Amino acid sequence: MPALAVLAATPSPQPTVDPDLVTPGPLGFATIVVLVIAVFLLVFDMLRRVRRARYREEANAVLDAEEEAAAQEAAAQEAAAQEGADPRGTGTASDGRGETGEEPTPGR
């Protein structure tokens, strides 16, 4: 307890600097304004780059979908061409005649 009494009796130091003289002043204000403008420009540029990357990603997705659709269409056309081939494996396309070799009747 005596140590606590000694600490309580010790006077606190008095400030030696005038608080009115320790202000940022015009130089501090100008520094803060420059920093705010720099941060604003950096955020604006970052948003522009993110937006551009997002649009590029969307455009690539559309192009990929178109390529996939074209590949599926080509595969469907190839399958249709193979179905039209002679089933006996001669490689000639069907000429529209039936199994008996007769000409098809018009209207059917």
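Heads up: these notes are all about the structure in this document. Note that the coordinates shown come from a computational prediction; the quantities given were computed from them, not determined experimentally.

So, how was this worked out
- Residues numbered from 1 in each chain as written.
- Predicted model: local features only at pLDDT ≥ 70, side-chain atom pairs only at ≥ 80, totals over all residues.
- Heavy atoms only, no water.
- Helix = DSSP H or I, 4+ residues; strand = E, 2+ residues; numbered from the N terminus.
- Buried < 20%, exposed > 50% of the residue type's maximum accessible area, 1.4 Å probe, protein only.
- Areas by Shrake-Rupley, 256 points an atom, 1.4 Å probe, with all protein chains shown as cover.
- Patch = residues over 30% accessible without salt bridge, like charges linked within 9 Å, V, L, I, M, F, W, Y side chains within 5 Å.
- Salt bridge = Lys/Arg side-chain N within 4 Å of Asp/Glu carboxyl O.
- Lys, Arg positive; Asp, Glu negative; His and termini not counted.
- Charge placed at Lys NZ, Arg CZ, Asp CG, Glu CD.

### Overview of the overall build of the chain
Scanning the chain from N- to C-terminus turns up two helices and zero strands. A total of 108 residues make up the chain; the buried ones form 2% of that total. Carbon and sulfur atoms provide 64% of the accessible area of the chain, an area that totals close to 10,200 Å².

### Here's the deal with a nonpolar patch on the surface
Together, Phe29, Val33, Ile37, Phe40, Leu41 and Phe44 line one region of the surface with nonpolar side chains, adding up to about 660 Å² of accessible area. Its location among the elements puts phenylalanine 29 in helix 2 (residues 25-83).

### Considerations on the pattern of salt bridges
Counted by the stated rule, this structure contains two salt bridges. Of the charged contacts, one joins arginine 48 and aspartate 45 as a salt bridge, the two residues approaching to 2.4 Å between their closest N and O atoms. Of the two residues, arginine 48 and aspartate 45 are both situated in helix 2; the distance of three residues between them amounts to about one turn of the helix. The class for arginine 48 is partly exposed, based on a relative accessible area of 36%. Given the relative accessible area of 22%, aspartate 45 is considered partly exposed. When salt bridges that share partners are traced, they join Asp45, Arg48 and Arg49 into one network.

### Details of a negative patch on the surface
A surface patch of like charges, here negative, comprises Asp64, Glu66, Glu67 and Glu68. As for its placement among the helices and strands, glutamate 68 is situated in helix 2.

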